[in-house]
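What follows is the residue order along each chain.
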Amino acid sequence: MFTVESNGLRLLRRLSAAVCGKRNVGSAAEHLGDSKVLADDSHHTWMGEGGDGSGMPHTPVMVREVLDCLDPQPGQVYVDVTFGAGGHTKAILAAQPDTVVYAVDRDPTAHSMAQNMAKQYGKSIRPVLGRFSELLYLLSSQNVQENTVDGFLFDVGASSMQFDQGGRGFSLSQDGPLDMRMDGERFGNKQPTAADVVNSLDEDDLYGIIKTYGEERHARKIASAIVDTRHKRPITTTKQLAGIVASALAPPGVFFAYDKLNRAVHPATKTFQALRIFVNDELNELYQGLQAARYFLKPGGRAIVITFHSLEDRVAKRYFQGVNMRQHGGMSIHHRKREGELLKEEGLPEVEIQGPRKEWTILTGKVMRPHWAEVMENPRARSAKLRAAIKN
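All values reported here derive from a predicted model rather than from experimental measurement. (Residues numbered from 1 in each chain as written. Predicted model: local features only at pLDDT ≥ 70, side-chain atom pairs only at ≥ 80, totals over all residues. Heavy atoms only, no water.)

Draft legend 1. Region of interest: the pattern of salt bridges. Enumeration over the complete set of coordinates arrives at 13 salt bridges. Glutamate 65 is the salt-bridge partner of arginine 64, the closest N and O atoms lying 3.7 Å from each other. Judged by relative accessible area, which is 7%, glutamate 65 ranks as buried. Lysine 298 is the partner of aspartate 150 in a salt bridge, and the nearest nitrogen-oxygen pair spans 3.2 Å. Here aspartate 150, found in strand 4 (residues 149-155), pairs with lysine 298, found in strand 7 (residues 297-307); they are 148 residues apart in sequence, far enough to count as distant. Judged by its relative accessible area of 12%, aspartate 150 falls in the buried class. Where salt bridges share partners, they join Arg106, Arg131, Glu134, Asp183 and Arg186 into one cluster. (Salt bridge = Lys/Arg side-chain N within 4 Å of Asp/Glu carboxyl O. Buried < 20%, exposed > 50% of the residue type's maximum accessible area, 1.4 Å probe, protein only. Helix = DSSP H or I, 4+ residues; strand = E, 2+ residues; numbered from the N terminus.)

Structure (structure tokens):
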């Protein structure tokens, strides 16, 4: 099962070193193992891969539910750690203008939008560029102290803006370089692209990534097709990779699945999802972001996490429940709760990790889902799940 110090993270670090140092990556399949994690339908569909196919700007999901959970009050401080196009931040400020929102995003494009929006809202919006794993430093540098924030909001995964920009390499419906990095502009060649992954790792490694992060039952066949193709020519574009996967799985025009709106889903959907999660280290980033949220939230402060597939949802659920995320996935939830505390992650900032004391009170009970009317108006919301908890 997925763990915080995941096998995928170790492999990503090796790939990063290999790309920068031009060394041979070699085999790391033994590190991936047979992890099995569930993944619902992902963002990647032909109908906008997370949007509605219109190419319109990102529409925030579950805004009413977010505001209900946050319950903004005058003078409060919030951190929107996935600012995107600012939809949720605008909603918070509309509901309660006398608040401050730190608008965080790892994507330089989103950060530029936050800077422009700050000109309109003044000191109510504080733009911050960086990843979840950098939050401790970033917010501390903004003079945000421990136990002072009223709410954190995570709307994780890629945004509709990223899917709608073919040059970013996320889209199945638009051809572009096979990149998929959310913040490639910041790190340049130091961070591997999806092209580096498919052209450098061996078949077993690719199988492990696609199987683990995409829950793709045809992962072995896809990995084999990728390796066979790259022996003839490098795989460098999204259209090229999508075609390889589609050809490996079905004749042209034959589709294996439909989304919740009964629209045909491209056979490469789960493969693209897996590569994106791996390249951006999304699950480990979410875990570290939740740690930072617990550090900065005041007692009674609220953390809200919106996810779009169950890998992310499982990280949030287990963290709020206090489950040791390094323990074997076959253990029952009650056994994991009794077993002990989360272990400190090697390389993480020096903050106290969740111990045996119950750190969170679950606010939402069961996971919340969008109303059908919102899904019809904004198809991106179809797979959204919302969890919220209060810091004790």
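Draft legend 2. Looking closely at the packing of helix 13 (residues 269-280) against helix 14 (residues 282-296). Between helix 13 and helix 14, the least distance of the axes is 6 Å, while the angle of their chain directions is 50°. With respect to each other, helix 13 and helix 14 are oriented oblique. Between helix 13, through Arg276, Ile277 and Asn280, and helix 14, the contact on the second element is made entirely by Glu282, Leu283 and Glu285. (Axes fitted to C-alpha atoms, helices over the stretch in contact; angles between N-to-C directions. Parallel < 35°, antiparallel > 145°, perpendicular 65-115°, else oblique. Contact = heavy atoms within 4.5 Å.)

Draft legend 3. Geometry of the nonpolar core. Counting residues in hydrophobic clusters, the biggest one holds 66 residues, and the most contacted among them are Phe152, Phe154 and Ile226. It is helix 14 that contributes the most residues to this core, seven residues altogether. Residue contacts for isoleucine 226: discarding those within four places in its chain leaves Val198, Leu206, Ile210, Ile235, Leu241 and Ile244. (Core = buried A, V, L, I, M, F, W, Y, C linked by side-chain atoms within 4.5 Å.)

Draft legend 4. Up close: the environment of phenylalanine 83. Relative to the assigned elements, phenylalanine 83 resides in the loop between strand 1 (77-80) and helix 4 (87-95). Residue class for phenylalanine 83 comes out buried when judged on its relative accessible area of 2%. When the C-alpha atoms of phenylalanine 83 and methionine 113 are compared, they prove to be 8.9 Å apart, with 30 residues separating the residues in sequence. Each residue touching phenylalanine 83, except ones within four places of it in the same chain, is listed here: Thr89, Ala103, Val104, Asp105, Ala110, Met113, Ala114 and Met117.

Draft legend 5. A look at the packing of aromatic side chains. In the structure shown here, the tally under the stated rule is seven aromatic pairs. On the numbers, 6.3 Å between centres and 40° between planes, the contact of tyrosine 213 with phenylalanine 278 is tilted. Here tyrosine 213 is found in helix 10 (residues 203-214), whereas its partner phenylalanine 278 is found in helix 13, with 65 residues between them in sequence. Here tyrosine 213 matches phenylalanine 278 in class, with each residue buried. Measuring from centroid to centroid gives 4.9 Å for tyrosine 295 and phenylalanine 296, while their planes differ by 90°, and the two rings are edge-to-face. (Phe/Tyr/Trp six-rings, centres within 6.5 Å; stacked < 30°, edge-to-face > 60°.)

Draft legend 6. Representation of the environment of leucine 139 within the structure. The topology assignment puts leucine 139 in helix 6 (residues 135-141). Take leucine 139: its relative accessible area is 0%, and that puts it in the buried class. Separated by 37 residues in the primary sequence, leucine 139 and tyrosine 102 place their C-alpha atoms 8.5 Å from one another. Contacts of leucine 139, omitting those with residues within four sequence positions, involve Val79, Tyr102, Val144, Phe152 and Phe296.

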